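Chain and residue survey
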Amino acid sequence: MTLWLLGDQLHLPTVLELDLEHVLLIEASAVGQRRRYHPQKLILVLSAMRHFAEELRAHDIRVSYLQASTFEAGLREYATAAGTPEIVGFEHPSAGIDATRRSVVDAVGGSIELITSPLYLSTRAQFDAWAGPHETDRRYRQEQWYRHIRTETGILMDGTDPVGGSWNYDSQNRETPPADWTPPVAPRYPPDALTEAVAEELQHEYPQTWGAAAPFGWPVTRTDALDALDQFIAQRLPEFGRYQDAMVDEEWALAHSLLSMSINIGLLHPREAVDRAVAAFEADAAPINAVEGFVRQLVGWREFMRHVYRRAMPQLATANQLEQQRSLPPVYWDGDTDMRCLEQTVRHVYDRGYAHHIERLMVLSNFAMLYGAEPAAVNEWFHLGFVDAYHWVTTPNVIGMGSFGTDVLSSKPYAASANYISKMSDHCGQCQFDPTATTGADACPFNALYWNFLDEHEEQLRATGRMGLMYSHVDRKSEEEWEAIRERAEDVRQKIAAGEL
Ligand code: FAD
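Okay, so let's go over this structure.

What counts as what
- Residues numbered from 1 in each chain as written.
- Predicted model: local features only at pLDDT ≥ 70, side-chain atom pairs only at ≥ 80, totals over all residues.
- Heavy atoms only, no water.
- 1 Å grid on protein atoms, 1.4 Å probe; cavity = no way out; pocket = protein on both sides within 12 Å on 5 of 7 lines; lining within 4 Å.
- Points joined across faces, edges and corners; volume = space filled by probe spheres on them.
- Helix = DSSP H or I, 4+ residues; strand = E, 2+ residues; numbered from the N terminus.
- Nonpolar A, V, L, I, M, F, W, Y, C, P; charged D, E, K, R; others polar.
- Domains from an automatic or database assignment.
- Axes fitted to C-alpha atoms, helices over the stretch in contact; angles between N-to-C directions.
- Contact = heavy atoms within 4.5 Å.
- Near = heavy atom within 4 Å.
- Polar contact = N/O pair within 3.5 Å; in protein donor to acceptor, adjacent residues only side chain to side chain.
- Pairing = 2+ DSSP bridges.
- Buried < 20%, exposed > 50% of the residue type's maximum accessible area, 1.4 Å probe, protein only.

A closer look at the layout of surface pockets
By volume, the second largest pocket is sized at about 700 Å³. Taken together, 31 residues line the second largest pocket, and the ones lying closest to its centre are Val 31, Arg 34, Tyr 37, Phe 71 and Ile 97. Contributing elements (two or more residues each) for the lining of the second largest pocket: strand S2 (22–28), helix H2 (29–32), helix H3 (39–58), helix H4 (71–82) and helix H5 (97–107). For the lining of the second largest pocket, a count of residues per class yields 16 nonpolar, nine polar and six charged. Both domains that meet at the lining of the second largest pocket, namely domain 1 (2–115) and domain 3 (331–497), each give it at least three residues.

Spelled out as structure tokens, the structure:
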């Protein structure tokens with residue numbers, strides 16, 4: 001049996017435990033050429049695959065490492081050298097990948113068995129047993145799943161009670177740092193010769209990319225990913241909770257873990273990150289609000305998104321309940337805008353293929369939603385632009401959470417005006433627009449778009465029953481105010497579409 005691993009299944013201890021003699025890795029250039037991926041995403045995955053092959057060989061595992069145009073071409077080459085393939089593989093969370101693997105193995109006359117992926121914290125069967133029958137109108141709520149899975153796994157549990165007495169410490173996690181706060185230095189792993197060679201090849205093999213290829217500093221080996229985890233636990237975790245929702249001008253990382261790109265390709269198992277965080281709490285090295293907040297992201301949100309995606313596809317990918325049809329405006333590609341928060345955030349993505357959660361949710365997707373961009377177009381941009389993006393994780397986050405294209409996983413849109421950005425960041429102090437004004441040329445564009453969004457989608461949003469406070473403000477506005485809001489929103493949309501704002 002040969003274990004065929006994909007480029008996001010590179011967890012060394014799991015492979016060593018399976019005790020198989022032969023591992024197959026195929027670099028299929030067609031996969032990386034499907035969209036204008038961020039060059040750092042391509043460098044990350046290709047370099048990590050090549051390093052992984054070296055590590056396996058160092059453990060005396062036979063590795064077939066093939067570079068081919070497609071998986072099928074790679075598998076044919078493998079079959080020519082090694083005979084009819086008898087493959088075992090891990091189930092993949094992204095739609096279509098398992099079917100593709102089965103069909104290419106079929107095409108070369110081999111056999112394939114796909115087993116439950118050991119790379120996650122929960123299994124499909126576990127989620128399905130909790131969620132019940134797979135009905136098309138089923139809605140899922142993360143908080144319920146999170147409590148269930150904590151109880152089932154015993155993570156941060158004190159018998160049947162949550163450690164500390166509360167499931168959730170979010171109320172302590174909404175601070176913004178003082179002006180003299182210095183964030184911990186984000187770890188950087190300068191490219192070695194192998195990574196440099198990948199970066200060089202990229203220019204010929206993958207000329208159609210979006211984003212800066214250098215400087216590249218993400219971990220591409222398990223050793224470096226473990227070091228990044230160590231550094232997070234020691235230096236960033238204690239403040240992770242309190243500044244989790246904050247944004248700071250000219251600061252891209254704050255106290256976030258910067259681990260998604262490593263976890264999503266298997267350099268780290270999510271359980272390793274969770275266990276280390278819990279151990280820090282038990283050693284009094286990090287407070288409960290930080291540790292619970294971090295655990296919730298991985299045990300709650302990440303697992304939840306993966307399972308809901310599986311059950312809500314294929315409809316999820318094109319869900320568009322608000323019927324938003326605009327194309328993504330040019331600012332998402334060139335970052336050229338006077339809106340300080342948007343300019344900074346797009347630059348973060350362009351420079352590193354990374355922005356932290358609140359930038360993704362409350363700036364990038366909030367703005368796209370208020371502007372009226374089509375959720376699938378926003379999803380496509382996130383998918384190509386981020387180093388941690390894979391269809392299974394980007395799609396529920398962007399279409400469900402960020403665009404409210406469906407209510408399958410959240411009951412109301414994450415829509416906010418400049419008030420939120422002004423409260424949670426210091427961008428507005430550096431911006432030419434006034435966050436307190438709604439109309440007029442100096443008014444922050446978020447504001448008119450926000451009210452106009454509530455107005456345009458009133459029928460659906462008011463009916464959610466969770467927007468009462470927002471609609472109480474809507475109800476207080478006069479007809480003259482609405483007229484000015486509509487005019488300003490229209491002006492903003494035209495200028496944004498033309499790249500003039
Ligand atoms: P931290 O803030 O330190 O969080 C810790 C870990 O929790 C992350 O590393 C990640 O593995 C996990 N996590 C937290 N929230 C989520 C979530 N909602 N879904 C899945 N995992 C989560 N995450 C991706 O991994 N890939 C994506 O393509 C992606 N796209 C997103 C798009 C939008 C619009 C939004 C709102 C969120 C998206 N997320 C995505 C989730 C989250 O923003 C990132 O996982 C996180 O910002 C990664 O940075 P970090 O490692 O510093 O995370």
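A short note on the packing of helix H16 (residues 357–371) against helix H23 (residues 479–497)
When two helices pack together, their arrangement is captured by the angle between the axes and the distance separating the axes. Running from N to C, H16 and H23 cross one another at 115°; their axes reach a closest spacing of 11 Å. Of H23, the residues touching H16 (which contributes Phe 367, Leu 370 and Tyr 371) are Arg 493, Ile 496 and Ala 497. For the contact of H16 with H23, the per-class residue count stands at five nonpolar, no polar and one charged.

Here's the deal with the site of the ligand
Looking at the ligand, there are 26 residues lining it, with Ser 257, Leu 258, Asn 264, Tyr 354 and His 357 nearest. Between the ligand and Gln 297, the relevant distance is 3.3 Å, taken from a nitrogen atom to a side-chain nitrogen or oxygen of the residue. Taken together, the elements giving at least two residues each to the shell around the ligand come down to helix H12 (288–312), H16 and helix H18 (391–402). Per-element tally for the shell around the ligand: the top contributor is H12, with six residues. Its residues assigned to classes, the shell around the ligand shows 13 nonpolar, 10 polar and three charged. Split by domain, the shell around the ligand shows at least three residues from each of two domains, domain 2 (124–312) and domain 3 (331–497).

Considerations on the sheet that holds strand S5 (residues 111–115)
Strand order in the open sheet formed by five strands is S3-S2-S1-S4-S5, and the pairing between neighbours is parallel. Edge positions in the open sheet fall to strand S3 (62–68) and S5, since each of these has one partner strand only. Pairs of neighbouring strands in the sheet enclose a mean axial angle of 25°, with direction left out of account. With five bridges joining them, strand S4 (residues 86–90) and S5 adopt parallel strand pairing. Bridged to Gly 89 within S5 is Leu 114.

Comments concerning the pairing of strand S1 (residues 2–5)
Burial of the side chains of S1 extends over both faces: Thr 2 and Trp 4 are buried on one face and Leu 3 and Leu 5 on the other. Relative to S2, S1 runs parallel, the two sharing four bridges. Looking at S2, one finds that Trp 4 is bridged to Leu 24. Where S1 and S4 come together, two bridges link them in parallel fashion. From the neighbouring strand, Leu 3 faces S4, where its bridge partner is Val 88.

Details of unusual backbone geometry
At the junction of Ala 214 and Pro 215, the peptide bond is cis and its omega measures out at -5° in the coordinates. Within the element layout of this structure, Pro 215 appears in the loop between helix H8 (193–205) and helix H9 (222–240). With omega at 0°, the peptide bond leading from Met 313 into Pro 314 counts as cis. Summarising the element assignment, Pro 314 is placed in the loop between H12 and helix H13 (315–318). If you check the backbone angles, Leu 156 has positive phi at about 55° while not being a glycine. By the secondary structure assignment, Leu 156 is in the loop between helix H7 (142–153) and strand S6 (157–158). Taking relative accessible area as the criterion, Leu 156 reaches 5% and is therefore assigned buried. In this model, Asp 284 sits at a positive phi of 65°, which is unusual for a non-glycine residue. Relative to the helices and strands, Asp 284 resides in the loop between helix H11 (270–282) and H12. Judged by its relative accessible area of 72%, Asp 284 is exposed.

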